[in-house]
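Breakdown of the fold
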Amino acid sequence: MTANRPQPRPGVLDIAPYIPGKSKAPGAAKVFKLSSNETPLGPSERAVAAYRDVGEHLEDYPDGSATALREAIGEAFGLDPDRIVCGAGSDDLLNLLARAYLKDGDEAIHTTHGFLVYPIATMGTGAKAVAAPETNYTADVDAILKCVTPRTKLVFIANPNNPTGTYIPFDEVKRLHRALPANVLLILDAAYAEYVRRNDYESGIELVATTDNVVMTRTFSKIYGLAALRLGWMYGPAHVVDAVNRIRGPFNVNGPAIAAGIAAIRDTAHVEHAREHNSKWIPWLTEEIGKLGLKVTPSVANFVLIHFRDEKVANAANDFLMKRGLILRQVGAYKLPAALRMSVGTEEANRLVVQGLKDFLGKAA
Ligand SMILES: Cc1ncc(COP(=O)(O)O)c(C=O)c1O
């Protein structure tokens, strides 16, 4: 009976569906959502005002090229707006890149604990997702290069990576790029670039500007606090921009998102405030959680990966915190079943998680 009904292309039903971070903690008086790396500071007030203004004109189609937004991004980062494409979140762009460059039988490389959208986008095209092993929860350039075959068309790297929070220095990114065949597109996903404070880090702008096979993707969902609006952008060579523009939805970015994005990118004080908040709490969380005897992977992003003895303990800790309204992210789907990922929250949330873990461990002892 089922053989007679429409069938998805081979590979689609092999995809493990993406499971978003939880947002509800039943029974808890106050809930702190620390499961999706959102900013605890919310968006810029100016972005909210711009969003509301567009709300008065919902009958109008948006500008399908998001020209004013591309110009604002270009101005903020010193980039040619013609080399920018906006998307409904960077997810949209990652999927468009996969669709534009992959076909049945091709391969796309991601890393073992890399962002889950990469294998999903890859397999959705009928191509094979190849996982390159990491070293110390960090992308390993040599391991990636060992996975390259004549069928490789894309390499996805999140830098910094989610859910590990680790990064690879610019020299390593350049070494990877140099060793890749010229027909392989290197996608540098810099969703968390704004948070990084390392002299040896570069988000990808320089490589995109100087080569023909590198794309950088960025998002408004993290430091800009506009996750609900679904807004991201990519910067790429003109020929990649042209290919993506041919297949994207003609109005893939909505009007309120365009307006809010322009205001958000111009509110540099708000971004700086969010960066300062993160720079203060990342080391604090790493140290305080470490003092409890738990390993925390050193993070340059806005979240930490906390390691427990095994999967059972991680799940028990998750349940324990959840009862207190503290929602962390289980990362079994990222092949990290014994870990939990926690977004940096407000001071109150951060202190409550540390206290919660202390109580959990005391209770378990
Ligand atoms: C590494 C990475 N890339 C991309 C995204 C997707 O962001 P967006 O909301 O722009 O689709 C995320 C979101 O969690 C992420 O962690």
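Please refer to the structure placed before this passage.
Below you will find a few notes about this structure. Since the model is a prediction, treat every value here as computed from it, not as a measurement.

**Examining the overall build of the chain**
What the chain contains, in helices and strands, is 12 helices and 13 strands. Compactness check: the chain gives a C-alpha radius of gyration of 21 Å against a globular reference of 21 Å for 365 residues, within 12% of the reference. Residue pairs in contact within the chain that sit at least 24 positions apart in sequence constitute 75% of those at least 6 positions apart. Working note: accessible area of the chain is about 16,500 Å², and carbon and sulfur atoms make up 53% of it.

**Concerning the site of the ligand**
Taken together, 13 residues form the shell around the ligand, and within it Ser-90, Asp-189, Tyr-192, Thr-219 and Ser-221 come nearest. Within the contact set of the ligand, an oxygen atom lies 2.6 Å away from a side-chain nitrogen or oxygen of Ser-221. For the ligand, whose free accessible area comes to 390 Å², the fraction covered by protein is 94%. Here the residues of the shell around the ligand sort into four nonpolar, five polar and four charged.

**Observations concerning the side chain of Glu-107**
With respect to the secondary-structure elements, Glu-107 resides in strand β3 (residues 107–111). Glu-107 has contacts with Leu-102, Lys-128, Val-130, Cys-147, Thr-149, Arg-151, Thr-152, Lys-153 and Leu-154, leaving out every residue within four places of it along the chain.

**What to know about the packing of aromatic side chains**
The geometry of an aromatic ring pair is captured by two quantities: the separation of the ring centres and the angle between the planes. With the rule as written, the count across this model stands at 10 aromatic pairs. Plain terms: the ring middles of Tyr-61 and Phe-251 are 4.6 Å apart, the flat faces sit at 35° to each other, and that makes the pair tilted. Linking Tyr-61 in the loop between α1 (45–55) and α2 (67–77) with Phe-251 in the loop between α8 (238–247) and α9 (255–266), this pair joins segments that are 190 residues apart in sequence. A relative accessible area of 41% means that Phe-251 is categorised as partly exposed. Members of the aromatic cluster, connected to one another through ring pairs, are Tyr-18, Phe-115, Tyr-118 and Phe-156. Of note, Arg-341 hangs over the ring of Phe-303, and the distance from its end group to the ring centre comes to 5.7 Å.

**What about the sheet that holds strand β5 (residues 152–158)?**
Across the sheet, which stays open at both edges, the seven strands sit in the order β2-β8-β7-β6-β5-β3-β4 with mixed pairing between neighbours. Among the strands making up the open sheet, the edge pair consists of β2 (84–87) and β4 (128–132). Pairs of neighbouring strands in the sheet enclose a mean axial angle of 20°, with direction left out of account. As judged from the four bridges shared by strand β6 (residues 185–189) and strand β7 (residues 214–219), these two strands associate in the parallel manner. The residue of β7 that forms the bridge with Ile-187 is Val-215. Along the sheet face, α8 touches β2, β6, β7 and β8 (232–235) and points at about 30° away from the line of β2.

**Describing the packing of α1 against α9**
Relative placement of two packed helices is described by the angle separating their axes and the distance separating the axes. The interhelical angle for the contact between α1 and α9, taken along N-to-C directions, is 155°, at an axis separation of 8 Å. Classified by the angle their axes make, α1 and α9 are roughly antiparallel. Considering the relative orientation of α1 and α9, their crossing is right-handed. Across the interface between the two elements, Arg-46, Ala-47, Ala-50, Tyr-51 and Val-54 from α1 touch Gly-255, Pro-256, Ala-259, Ala-260, Ala-263, Ala-264 and Arg-266 from α9. Taken together, the residues of the contact of α1 with α9 break down into nine nonpolar, one polar and two charged.

Conventions used here
- Residues numbered from 1 in each chain as written.
- Predicted model: local features only at pLDDT ≥ 70, side-chain atom pairs only at ≥ 80, totals over all residues.
- Heavy atoms only, no water.
- Helix = DSSP H or I, 4+ residues; strand = E, 2+ residues; numbered from the N terminus.
- Rg over C-alpha atoms; globule rule 2.2 N^0.38 Å.
- Contact = heavy atoms within 4.5 Å.
- Areas by Shrake-Rupley, 256 points an atom, 1.4 Å probe, with all protein chains shown as cover.
- Near = heavy atom within 4 Å.
- Polar contact = N/O pair within 3.5 Å; in protein donor to acceptor, adjacent residues only side chain to side chain.
- Nonpolar A, V, L, I, M, F, W, Y, C, P; charged D, E, K, R; others polar.
- Phe/Tyr/Trp six-rings, centres within 6.5 Å; stacked < 30°, edge-to-face > 60°.
- Buried < 20%, exposed > 50% of the residue type's maximum accessible area, 1.4 Å probe, protein only.
- Lys NZ or Arg CZ within 6 Å of the ring centre and 35° of its normal.
- Pairing = 2+ DSSP bridges.
- Axes fitted to C-alpha atoms, helices over the stretch in contact; angles between N-to-C directions.
- Parallel < 35°, antiparallel > 145°, perpendicular 65-115°, else oblique.
- Left-handed = near helix turned anticlockwise from the far one by under 90°.

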